[in-house]
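Structural features, examined
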Amino acid sequence: METVTGAVTHDAPHAAGGRQGRPLIVTEDAVLLDDLLRLCAAAGATPEVHHSVPVQRGGWESAPLVLVGDDAARRVRGAARRRGVVLVGRDQDDSGVWRRAVEIGADHVLVLPDGEQWLVDRIADVAEGVGRPALTVGVVGGRGGAGASTLACALAVTSAREGLRTLLVDADPLGGGLDVLLGGETVEGLRWPAFAASRGRVGGGALEESLPELHQLRVLSWDRGDCVAIPPRAVRAVLAAARRRGGTVVVDLPRRIDDGIAEVLAQLDIGLLVVPAELRAVAAAGRVASAVGMVLRDLRVAVRGPYAPGLDDREVARLLGLPLVGEVPVESGLLRPDGGKAPPGASARAPLARFCKEFWERSLAEAGTA
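A short tour of the structure in this document, coming up. (Residues numbered from 1 in each chain as written. Predicted model: local features only at pLDDT ≥ 70, side-chain atom pairs only at ≥ 80, totals over all residues. Heavy atoms only, no water.)

**Details of the side chain of Thr 158**
Here Thr 158 is to be found in helix H5 (residues 148-161). Classification of Thr 158 by relative accessible area gives buried; the value is 0%. From its side chain, Thr 158 meets the backbone oxygen of Ala 154 in a polar contact 2.7 Å long. When near neighbours in sequence (up to four residues on either side) are disregarded, Thr 158 contacts Gly 345, Ala 353, Cys 356, Lys 357 and Trp 360. (Helix = DSSP H or I, 4+ residues; strand = E, 2+ residues; numbered from the N terminus. Buried < 20%, exposed > 50% of the residue type's maximum accessible area, 1.4 Å probe, protein only. Polar contact = N/O pair within 3.5 Å; in protein donor to acceptor, adjacent residues only side chain to side chain. Contact = heavy atoms within 4.5 Å.)

Listed below in structure tokens is the structure:
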């Protein structure tokens, strides 16, 4: 007998007006109620509790998630069928729980304590109002100095300018810090070392609010301390939290692949390999592509000029055996005469910003989110 069964074929309904509703608990079992309240607290949610179907109009129908104790299955049998109902029991050997789940139209049967982590995640999704995950794009240089960090910043700045919730993640501890490139190294907010002890689930909303906000986007970068590695489980938890918030996530990747970076690659939708159009860079990029491609299925090449004799962007893509995104324009004037900094992609009319806008339009359309 599995702890959780039944395929998830639909999302739980959202509260009217796009607001996150409160999960509904229906049970008279005091011990089970204590467990469910504890799990709701761990997920950051405050539930409504009833002994049977709520008498107020819409209480049963509008709750984003309904947790029905096995003791209450008979009392809710006549309630309107709806999505997002979980029948929660405690007896692993009770085969009748499946029949009762069918009678009330439950999506899942969950037996405590084995199913606790699954239930915490589901309740937390409800508390955060989770919808479609963020389109997550990683950018990696084919060699040192290829311009990957510049392109990552430009993609993030462009996404934010287009009105998308945007998070820029600096996954390269030796890269100098994307907050520096964006001119925000002194802005308050948490950096990677603060999340090194993270495990399990990280709240997406709390993560977003804790990070520095620069140019209408959030940035997760490195501090100036000695920490240069984050445990893989923490990387997994933080990036998963970022993706649950929707919009876009852009990750600046190092060329070395360790366990932490493998966790990042596993959550990417698209990878962009930035390659200067010269033979040594193409040779180096081939090795990077081979390593990255072991984890990431959708890796594409973005070529940066000037071009060596006999090379153009299509030839570079052919040599690497990767789909071509296009030529990355070189953007000059990132440092203003007054000493201030304009981030890459800041000028909407400049070639780099236009390149990034076209990339997002195509990629969001491919993902079905445009």
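**Notes on the packing of helix H10 (residues 279-292) against helix H11 (residues 313-320)**
Across the interface, H10 lies against H11 with an axial gap of 10 Å and an inter-helix angle of 40°. Between H10 and H11, the crossing angle belongs to the class labelled oblique. When you trace H10 past H11, the crossing you get is right-handed. Between H10 and H11, the residues in contact are Val 282, Ala 285 and Gly 286 and Val 316, Leu 319 and Leu 320, respectively. Considering only residue class, the contact of H10 with H11 consists of five nonpolar, one polar and no charged. (Axes fitted to C-alpha atoms, helices over the stretch in contact; angles between N-to-C directions. Parallel < 35°, antiparallel > 145°, perpendicular 65-115°, else oblique. Left-handed = near helix turned anticlockwise from the far one by under 90°. Nonpolar A, V, L, I, M, F, W, Y, C, P; charged D, E, K, R; others polar.)

**Some remarks on the nonpolar core**
One finds Val 251, Leu 253, Leu 273, Val 275, Val 316 and Leu 320 to be the most contacted residues of the largest nonpolar core, which totals 45 residues. The set of elements that each furnish at least two residues to this core consists of strand E8 (166-170), helix H8 (232-244), strand E11 (248-253), helix H9 (259-266), strand E12 (270-276), H10, strand E13 (299-304) and H11. Among residues more than four places away in sequence, those in contact with Val 275 are Ala 281, Val 282, Ala 285, Val 301, Ala 302, Val 303, Arg 304, Val 316 and Leu 320. Within the second largest apolar cluster, 32 residues are counted, among which are Leu 168, Leu 178, Leu 182 and Leu 214. (Core = buried A, V, L, I, M, F, W, Y, C linked by side-chain atoms within 4.5 Å.)

**So, the sheet that holds E8**
Taken together, eight strands build an open sheet; the order of strands is E9-E10-E8-E11-E7-E12-E13-E14 and the sheet is mixed. The open sheet has two free edges, formed respectively by strand E9 (213-214) and strand E14 (324-327), since each of these has just one partner strand. Both E8 and strand E10 (residues 217-220) contribute to a ladder of three bridges, which runs parallel. Paired with Val 169 across the bridge in E10 is Leu 220. Taken strand by strand, H10 contacts strand E7 (135-141), E12 and E13, and its axis lies near 165° from that of E12. (Pairing = 2+ DSSP bridges.)

**Quick look at the side chain of Thr 248**
Relative to the helices and strands, Thr 248 resides in strand E11. Thr 248 sits in the buried class, given a relative accessible area of 1%. Polar side-chain contacts of Thr 248 include one of 2.7 Å to the side chain of Ser 159. Once residues lying within four places of it in the same chain are set aside, the contact partners of Thr 248 are Ala 134, Leu 135, Ser 159, Leu 164, Arg 165, Thr 166, Leu 167 and Trp 360.

**Some thoughts on H5**
An α-helical turn contains 3.6 residues, so any two residues separated by three or four positions project in the same direction. Compared with an ideal rise of 1.5 Å per residue, which puts 14 residues at 20 Å, H5 spans 20 Å between its outermost C-alpha atoms and is within 8% of the ideal. In the segment just after H5, Gly 163 is the residue with positive phi, at about 90°. (Expected span 1.5 Å × (residues − 1).)

**Section: the pattern of salt bridges**
Scanning the entire structure with this criterion turns up 21 salt bridges. Measuring nitrogen to oxygen at the nearest pair gives 3.2 Å for the salt bridge that ties Arg 143 to Glu 278. With Arg 143 in the loop between E7 and H5 and Glu 278 in the loop between E12 and H10, this residue pair connects regions lying 135 residues apart in the sequence. Taking relative accessible area as the criterion, Arg 143 reaches 24% and is therefore assigned partly exposed. Residue classification places Glu 278 among the partly exposed residues on the basis of a relative accessible area of 31%. (Salt bridge = Lys/Arg side-chain N within 4 Å of Asp/Glu carboxyl O.)

**Side note on the packing of aromatic side chains**
Across all of its chains, the model carries two aromatic pairs by this definition. Summarising the aromatic geometry, the rings of Trp 192 and Trp 222 are spaced 6.0 Å apart at their centres and angled 35° between planes, so their arrangement reads as tilted. Of this pair, Trp 192 sits in the loop between helix H6 (178-181) and helix H7 (204-210) while Trp 222 sits in the loop between E10 and H8, and the two are 30 residues apart along the sequence. Summarising the burial analysis for this pair, Trp 192 and Trp 222 share the class buried. (Phe/Tyr/Trp six-rings, centres within 6.5 Å; stacked < 30°, edge-to-face > 60°.)

**Quick word on the environment of Gly 183**
When you line up the elements, Gly 183 lands in the loop between H6 and H7. Linking Gly 183 and Ala 342, residues 159 residues apart in sequence, is a C-alpha distance of 7.7 Å.

**Details of unusual backbone geometry**
Cis geometry marks the peptide bond from Leu 112 to Pro 113, where omega comes out at 5°. Along the chain, the position of Pro 113 falls in the loop between strand E6 (108-111) and helix H4 (116-128). The step from Gly 305 to Pro 306 runs through a cis peptide bond, and the omega angle for that step is 5°. Along the chain, Pro 306 turns up in the loop between E13 and H11. Positive phi is not limited to glycine here, since His 215 has a value of about 55°. Tracing the sequence through the fold places His 215 in the loop between E9 and E10. At Gln 216, a position not held by glycine, the phi torsion is positive, near 70°.

Geometric descriptors of this kind do not, in isolation, establish any biological role.
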